[in-house]
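Topology and contacts: notes
Given next are the chains, with one letter for each unit.
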Amino acid sequence: MATVLLKNVTKIYEGGSVAVKNVSLEINDKEFVVLVGPSGCGKSTVLRMIAGLEEITSGEIFIDGKIVNNIPPKDRDIAMVFQNYALYPHMSVFENIAFGLKLRKYDKNEIKQRVEEAAMILNLQDYLNRKPRQLSGGQRQRVAVGRAIVRKPKVFLFDEPLSNLDAKLRVQMRTEISKLHKNLGATMIYVTHDQTEAMTMGDKIVILKDGEVQQIGAPMELYSNPLNKFVAGFIGSPAMNFINGRIVQSDKLYFVIDNLNIRIALGEMNNRKLQQYRDKEITIGIRPEDVLLSSEKSIAGDISVLVEVVEPMGNETLLYFTLQETQMIARGNPNQQYKSGNNYSMQINKDKIYFFDKVNGNTL
């Protein structure tokens, strides 16, 4: 397998539209790296530049230590799995998987052996004589992956391969791709807009926004230590809640929401960290699991909120309410009954509050 290195890679289309801006990224041998972000953030463009399907405007791309800027896709020793499977409808599963090997004039026995090995790994042995139209979506995706496996490339590239599958199949296929990565010991780069896929599959996650890298790190590192408000809001499901207010000093530091007459006392650690922001406006972030809504009578420091929507999920209950004209979400106790239209007492885990600069969104 191989390492992949991007140095200050930029892509500007005709007309001046900047798709990718100054992206630098190091992918280690046998690593599973996920590029994630909202639609239009440039993640697929980065993948296509690595594959050689898009020319880069500036910067350098290295695969296994060799610069590949001017090397055509077929000579980069990569294999790509697309969102739409890209199978030939008139060919059997065997022929689809073997197609790339036939183009490269491999020996028939070698082709047969590689296809059968891939079919065994992907549990496709019983489907080799079928046409794509006779397969389910998940089976078609396996065939597309099989076509990549038989090539035995240095790098596997996946461009939103599960987006056409239903929810249950998505879960099954992401597990299978994760297993495949471990079994092959392969270098894999995977693009998705689904942060759940990113969190569950990646050794390392690269978060992009507007063509720029926002943060790179292990899944739980991004979840626990986001560098800015965008990363904090993108990683985690349901998303983090954000509230605007200001820091006020009296006997100790408080986060104050003036128009709601709400004061949240900040812990000792936050007192030290936020002294320089006294009398300044900031944004706080609170994950839904750190917001507790209780029907018990409010005590000092609690906030009364009106629950608008209750979503029972079985193992948890999601509660929606509005604070400061912002939609908020709390994870309720599944053993407690909640009713929309009722008021509840809200408490916040003060040790789990995130603080952001209101102007640039950076973590304080």
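Heads up: the structure comes first, above all this text.
Read on for an overview of the structure. This structure is a prediction, so every number in the text was calculated from the model and none was measured.

**A few points about the packing of aromatic side chains**
Following the criterion strictly, the structure yields 6 aromatic pairs and no others. The rings of F32, F158 and Y190 are connected pair by pair, giving a single aromatic cluster. Its guanidinium or amino end placed over the ring of Y223, R287 lies 3.9 Å from that ring's centre, counting from NZ or CZ.

**Observations regarding the nonpolar core**
If you look at the biggest cluster of nonpolar residues, it comprises 45 residues, and the most contacted ones within it are I97, F158 and Y190. Take this core: its biggest share by element is 5 residues, from helix α4 (residues 137–149). Excluding residues that lie within four positions of it along the chain, F158 makes contacts with L47, V81, V145, I177, M188, I189, Y190 and V191.

**Things to note about the packing of α4 against helix α5 (residues 167–184)**
It is at 11 Å that the axes of α4 and α5 come closest, and there the two elements cross at 20 degrees. It follows from the interaxial angle that α4 and α5 lie roughly parallel. Judged by the twist between their axes, the crossing of α4 over α5 is right-handed. Listed contacts from α5 to G138, Q141, R142, V145 and I149 of α4 are L169, Q172, M173, E176, L180 and L184.

**Thoughts on the sheet that holds strand β10 (residues 212–217)**
Whenever strands of a sheet pair, they do so through backbone hydrogen bonds, lying parallel or antiparallel. With respect to topology, 6 strands assemble into an open sheet ordered β6-β7-β8-β3-β9-β10, the strand pairing being mixed. Here the strands that pair on one side only, and so sit at the sheet edges, are β6 (78–81) and β10. Each strand of the sheet is rotated relative to its neighbour by a mean of 15 degrees, with strand direction disregarded. One ladder, built from 5 bridges, connects strand β3 (residues 32–36) with strand β8 (residues 187–192); its direction is parallel. Bridging from a neighbouring strand, V33 pairs with I189 of β8. The strands touched by α4 within the sheet are β6 and β7 (155–159), with β6 carrying the most contacts at an inclination of about 175 degrees. Along the sheet, α5 contacts β3, β7 and β8; its crossing angle with β8, the most-contacted strand, is approximately 165 degrees.

**Let's talk about helix α3 (residues 108–121)**
Taking 1.5 Å of rise per residue, the 14 residues of α3 would be expected to cover 20 Å, and the 20 Å separating its terminal C-alpha atoms lies within 8% of that figure. All buried positions along α3 are accounted for by I111, R114, V115, A118 and A119. Around the axis of α3, the buried residues are gathered within 135 degrees of arc, so they sit on the same side. Those residues of α3 that are exposed and aimed more than 90 degrees away from the buried face are N109 and M120. Where α3 is buried, its residues contact α2 (93–103) and α4.

**As for the side chain of Q139**
Within the fold, Q139 resides in helix α4. Not counting chain neighbours up to four residues away, the residues in contact with Q139 comprise L124 and Y127.

**Overview of the pattern of salt bridges**
Summed over all chains, the structure comprises 13 salt bridges. D194 is the partner of R170 in a salt bridge, and the nearest nitrogen-oxygen pair spans 3.1 Å. You can see R170 sitting in helix α5 and its partner D194 sitting in the loop between β8 and α6 (195–201), a full 24 residues away along the chain. As far as the burial class goes, R170 and D194 line up, both buried. When the shortest N-O distance is used, the salt bridge between R170 and E197 registers 2.6 Å. With R170 in helix α5 and E197 in helix α6, this pair connects stretches of sequence that are 27 residues apart. Accessibility assignment for this pair places R170 and E197 in one class, buried. Within the structure, one salt-bridge network assembled from shared partners comprises K11, R48 and E54.

**Quick word on the packing of α2 against α3**
Between α2 and α3, the least distance of the axes is 10 Å, while the angle of their chain directions is 130 degrees. One finds that α2 runs oblique with respect to α3. Two packed elements cross with a definite hand, and for α2 against α3 that hand is right-handed. Residues F94, I97, A98, L101 and K102 of α2 pack against I111, K112, R114 and V115 of α3.

**Points about α4**
Counted at 1.5 Å a residue, the expected span for α4 with its 13 residues is 18 Å, and the 18 Å between its end C-alpha atoms agrees. The element α4 is largely enclosed, with a buried count of 11 among its 13 residues. Among the residues of α4, those classed as buried are G138, Q139, Q141, R142, V143, A144, V145, G146, R147, A148 and I149.

Thresholds, definitions, all that
- Residue positions within a chain follow its written sequence, with the count starting from 1.
- Local features in a predicted model are, by the rule used here, given only for residues with pLDDT of at least 70; side-chain atom pairs are given and counted only at 80 or more, and totals for whole chains, interfaces and linings are based on all residues.
- Side-chain measures were taken over the full set of non-hydrogen atoms in the model, leaving aside hydrogen atoms and water.
- Here is the rule: rings of Phe, Tyr and Trp (six-membered ring for Trp) pair when centre to centre is within 6.5 Å. Planes less than 30 degrees apart are stacked, more than 60 are edge-to-face, and the remainder are tilted.
- Whether a charge sits over a ring comes down to the Lys NZ or Arg CZ being within 6 Å of the ring centre and within 35 degrees of the ring normal.
- Only buried residues count toward a nonpolar core. Its members are Ala, Val, Leu, Ile, Met, Phe, Trp, Tyr and Cys residues joined through side-chain atoms within 4.5 Å.
- Burial classification: accessible surface area is computed with a 1.4 Å probe over protein chains only, and a residue below 20% of its type maximum counts as buried, one above 50% as exposed, and the rest as partly exposed.
- Per the convention used, a helix needs a DSSP run of H or I reaching at least four residues, while a strand needs a run of E reaching at least two, with both numbered from the N terminus.
- Residues count as neighbours in contact if any of their non-hydrogen atoms are within 4.5 Å of one another.
- Angular values range over 0 to 180 degrees, each being the angle between N-to-C directions of two axes fitted as lines to C-alpha atoms, with helices fitted over their stretch in contact.
- Should an angle lie under 35 degrees it is considered roughly parallel, over 145 roughly antiparallel, and from 65 to 115 roughly perpendicular; all remaining angles are considered oblique.
- Crossing handedness: left-handed means the near helix sits turned counterclockwise from the far one by under a right angle, and right-handed means the same turn made clockwise.
- Strand pairing is assigned whenever DSSP identifies at least 2 bridges connecting the two strands.
- What a helix should span is 1.5 Å times the count of its residues minus one.
- This arc is taken over the directions from the axis of the helix to the C-beta atoms.
- Here, a salt bridge means any side-chain nitrogen of Lys or Arg that lies within 4 Å of a carboxyl oxygen of Asp or Glu.

So, to be careful, I would describe these as geometric facts and stop short of saying anything about function.
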